Amino acid sequence: MAAPTRVFAFRDARWAPDPVLAPSAAVRSPQPVPLVIDNGSFQTRAGWGCLDPAVPAEPLLRFRSLAARSRGARGGAGAETQVGNDLGSPEPLRWLLRSPFDRNVPVQLELQELLLDHVFQRLGVSSQGCVDHPIVLTEAVCNPLYSRQMMSELLFECYQVPKVSYGVDSLYSFYHNRRQKWPCSGLVISSGYQCTHILPVLEGRLDAKNCKRINLGGCQAAVYLQRLLQLKYPGHFAAITLSRMEEILHEHSYIAEDYIEELQKWRCPEYYENNVHKMQLPFSNKLLGSTLTSEEKQEKRQQQLRRLQELNARRREEKLQLDQERLDRLLYVQELLEDGQMDQFHKALVELNMDSAEELQSYISKLSVSVEQTKQKILQSEVNIEVDVVDSKPETPDLDPLGSEQSLEDMESINEFEPLFAEEQPEVEKPVAAVQPVFNLAEYHQLFLGTERIRAPEIVFQPSLIGEDQAGIAETMQYVLERYSKEQQAVLVQNVFLTGGNMMYPGLKARVQKELLEMRPFQSSFQVHLASSPVLDAWYGARDWAVEYMNREEGWITKKDYEEKGGEYLKEHCASNVYVPIRLPKQAPRAAEVAAPSRTLASGTGEQG
């Protein structure tokens, strides 16, 4: 017997704004403790690197690395910039969202400054003048020197930090999950929002020459899934948003151990019925026909009428205020004429765009009549709101004429709602079942996830699915291993480490084990480990490093180092990139040019002698 198919509703969770936290006294005494920031292209995480029990050993801030500048209200304040969780939801502002990252490298330093300001403000760190805490910051693998130079310039010149340390997020995660004495070796596979990296680590240090990057991650999987479902359900094109696709990837997708074999399973109707996930889109029940009685419809109509009366009353009050201000202005100009102040009178007429005193008097008369009429309408509406009208369509002709005038005006405003509140005659009232539609509206608004559950995450193993001319994880991993001797390969595969938010799919570890089994020699051993928390272990590893090296000089770049050696300078440590300084070309040609004039001068002196 087939298991009942479950229907899942989209959570569409809104982001709660981050509170402003009061820093604990332990983060400043006896000396300022390091501030640890995992600067990811998907999410920024920040917290304190402190061993004191009063300070939480977890990131206190977690927000999307996005910013949006909203347009100012009409006649109000100027544009407002919102960062991270303050956005509430990304979909209404999707076209306004900006990120400081190009792939996984920060390049827009103005936006990066907004993210750092948000971190310092919400953690209670005063960034006015200087930030006196050391900073531990993550960066991309083989980060371009120009990007590090701009980041160092921002931290040292703008925030006046005492010292900073840069490290690779996946290496921090590897450092946090080490299962043996450090230094150790292994093959780190890190997949994030924009990129996937294969990082060989030998004796605790990154072998940067053999690192490889695949330009695919969770972002590309979400876009691919969105295109698949929009082609499958063109009627729900606008409802298939990137945020909902990310939710499907996080909660309903998995990696097939054998992709072709899994597709064959989905061809079986019974397997499809047992494993399909139905995602319920929000919808309205208005098309299902009303189940309200005549009395309930009449009550709804009366409520709508009262709301319209209140709305019209507010509009009249606003109009009365504006007209009264204009009338007072015109009367003031008229008093200037009566007092004989002709120069000021003519200037005021020019400002009002009028030609003569007769035109001024005509405007005053019209405005006076308008103000009086508006006051009468306001009095009439107050009377009508206090009266509890039983029937919105009075049949008796001897009602108060003021009330009748207001009712007619409000009834004109409610005409568009007539189809929703049309009265039904008792003799023609039909049972509710007779107006039910012939199809299930809820099922019409459902997305059936079958093979899409495995097709979207499969792109990291088969980039050709989306037309990318790149190698997948398996081919890249084999290419990296082949660059080492057999002994070194055996050491690396004994600790294949998976980390990153895009490595959390069910079945991914088994898929990597299957790929390794196919590429490794017969009866050779290997071990694959998944990070204890693939998303947060980078921050935990950076915190571990900050606590251990807090009082050492190793790995820290000071303001003096920045001024002497440049912004691209990097002090290496166990989880850092390899520093490759900029090599300036030798100026030998210039030295030859200097020597040539001297020889010419010497020869000229000899000829004179």
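None of the values given here were measured: they were computed from a predicted structure.

With that settled, the discussion passes to the sheet that holds strand S7 (residues 97–98). With respect to topology, 3 strands assemble into an open sheet ordered S6-S5-S7, the strand pairing being antiparallel. Each edge of the open sheet carries a strand with a single partner, namely strand S6 (80–83) and S7. Relative to S7, strand S5 (residues 67–70) runs antiparallel, the two being bridged by 2 bridges. Note that in S7 the partner of Ala67 across the bridge is Arg98. Across the sheet, helix H1 (residues 109–122) lies against S5, S6 and S7, angled at about 70° from S6, the strand it touches most.

Within the structure shown, the criterion is met by 19 salt bridges. The partner of Arg94 in a salt bridge is Glu91, with the nearest N and O atoms 2.5 Å apart. Looking at Glu91, the relative accessible area reads 25%, which means it is partly exposed. A salt bridge links Glu351 to Arg329, with the shortest nitrogen-to-oxygen separation between them at 3.1 Å. Taken together, the residues span a long stretch of sequence, with Glu351 in helix H9 (residues 342–351) and Arg329 in helix H8 (residues 294–338) at a distance of 22 residues. Bridged by salt links that share partners, the residues Arg11, Glu247 and Glu251 form one connected network.

Let us now look at the sheet that holds strand S4 (residues 61–64). A sheet is described by the order of its strands in space; here 6 strands give the open sequence S4-S3-S2-S10-S11-S20, paired in mixed fashion. Because the sheet does not close on itself, it has two edges, and the strands there are S4 and strand S20 (557–558). Alignment of strand S10 (residues 135–139) against strand S11 (residues 163–168), held across 5 bridges, turns out to be parallel. Counted as the bridge partner of Leu137 is Tyr166 from S11. Docked against the sheet, helix H2 (residues 145–158) engages strand S2 (35–39), S10, S11 and S20, running at close to 150° with respect to S11. Across the sheet, helix H17 (residues 537–548) touches S2, strand S3 (43–48), S10 and S11, and the angle it forms with S2 is around 150°.

Looking now at the nonpolar core. Counting residues in each nonpolar core, the largest one holds 45 residues, and the members touching the most others are Ile189, Leu229, Val496 and Val512. Of all the secondary-structure elements, those providing two or more residues to this core are strand S12 (186–191), helix H4 (218–232), helix H5 (242–252), strand S17 (446–449), helix H14 (473–481), helix H15 (486–493), strand S18 (496–499) and helix H16 (508–519). Broken down by element, this core gets its largest block of residues, 6 residues, from H4. Setting aside anything within four residues of it in sequence, one finds Ile189 in contact with His197, Ile198, Ile473, Met477, Val496, Phe497, Leu498, Thr499, Met503 and Val512.

For the pair H4 and H5, interaxial distance at closest approach is 9 Å and the crossing angle is 110°. Accordingly, the angle class assigned to the pair H4 and H5 is roughly perpendicular. Residues Gly218, Ala221, Ala222, Val223, Leu225, Gln226 and Leu229 of H4 form the contact with H5, whose own contacting residues are Leu242, Met245, Glu246, Ile248 and Leu249. For the contact of H4 with H5, the residue count by class is 9 nonpolar, 2 polar and 1 charged.

Turning our attention to the UniProt feature "coiled-coil region" (unreviewed entry) in the chain. Here the UniProt feature "coiled-coil region" (unreviewed entry) sits at residues 294–328. Across residues 294–328, helical content stands at 100% and strand content at 0%; the span's end C-alpha atoms are separated by 51 Å.

If you check H2, its first and last C-alpha atoms are 19 Å apart, about what 14 residues at 1.5 Å a residue would give, namely 20 Å. All buried positions along H2 are accounted for by Ser147, Arg148, Met150, Met151, Ser152, Leu154, Leu155 and Phe156.

What follows concerns the packing of aromatic side chains. Counted by the stated rule, this structure contains 10 aromatic pairs. Between Phe156 and Tyr562, the aromatic rings sit 5.0 Å apart at their centres with planes inclined by 20°, giving stacked as the arrangement. Highlighted residues: Phe156 in helix H2 and Tyr562 in helix H18 (residues 559–565), separated in sequence by 406 residues. For Tyr562, a relative accessible area of 12% puts it in the buried group. Between Trp539 and Tyr540 the ring centres are 5.7 Å apart and the planes differ by 75°, which places this aromatic pair in the edge-to-face class. The pair formed by Trp539 and Tyr540 is uniform in burial state, with each residue classed as buried. One cation-aromatic arrangement involves Arg178 over Tyr175; the distance from NZ or CZ to the ring centre is 4.1 Å. Across the ring face of Phe10, the terminal group of Arg244 is positioned such that the distance to the ring centre comes to 5.5 Å.

Here we take up the pairing of S12. Most of S12 is tucked away: 6 of the 6 residues are buried. Sheet topology note: the S12/strand S13 (residues 196–202) ladder contains 6 bridges and is antiparallel. Its bridge partner lying in S13, Leu187 is registered against Pro200. Connecting S12 to the antiparallel partner S13 that follows it, the hairpin turn spans 4 residues.

Moving on, we come to the environment of Asn275. By secondary structure assignment, the location of Asn275 is in helix H7 (residues 269–275). Spatially, the C-alpha atom of Asn275 lies 7.4 Å from that of Gly450, the residues being 175 residues apart in sequence. Sequence-distant contacts of Asn275, defined by excluding residues within four places in its chain, comprise Trp266, Leu449 and Arg453.

Along its 15 residues, H4 runs 21 Å from first to last C-alpha, staying within 8% of the 21 Å computed at 1.5 Å per residue. Burial within H4 is extensive, with 11 of its 15 residues counted as buried. Of all the residues in H4, the buried ones are Gly218, Cys219, Gln220, Ala221, Ala222, Tyr224, Leu225, Gln226, Leu228, Leu229 and Gln230. Next to the buried residues of H4 lie H5, S17 and helix H13 (452–455).

On to the environment of Ile473. Locating Ile473 in the fold gives a position in helix H14. When the C-alpha atoms of Ile473 and Ile189 are compared, they prove to be 8.4 Å apart, with 284 residues separating the residues in sequence. Other than its neighbours up to four places away in sequence, Ile473 contacts Ile189, Thr196, Ile198, Ile214, Val460, Phe461 and Met503.

Reading the values: rules and limits
- Residues numbered from 1 in each chain as written.
- Predicted model: local features only at pLDDT ≥ 70, side-chain atom pairs only at ≥ 80, totals over all residues.
- Heavy atoms only, no water.
- Pairing = 2+ DSSP bridges.
- Helix = DSSP H or I, 4+ residues; strand = E, 2+ residues; numbered from the N terminus.
- Contact = heavy atoms within 4.5 Å.
- Axes fitted to C-alpha atoms, helices over the stretch in contact; angles between N-to-C directions.
- Salt bridge = Lys/Arg side-chain N within 4 Å of Asp/Glu carboxyl O.
- Buried < 20%, exposed > 50% of the residue type's maximum accessible area, 1.4 Å probe, protein only.
- Core = buried A, V, L, I, M, F, W, Y, C linked by side-chain atoms within 4.5 Å.
- Parallel < 35°, antiparallel > 145°, perpendicular 65-115°, else oblique.
- Nonpolar A, V, L, I, M, F, W, Y, C, P; charged D, E, K, R; others polar.
- UniProt positions renumbered as here; feature names shortened; annotations may be inferred.
- Expected span 1.5 Å × (residues − 1).
- Phe/Tyr/Trp six-rings, centres within 6.5 Å; stacked < 30°, edge-to-face > 60°.
- Lys NZ or Arg CZ within 6 Å of the ring centre and 35° of its normal.

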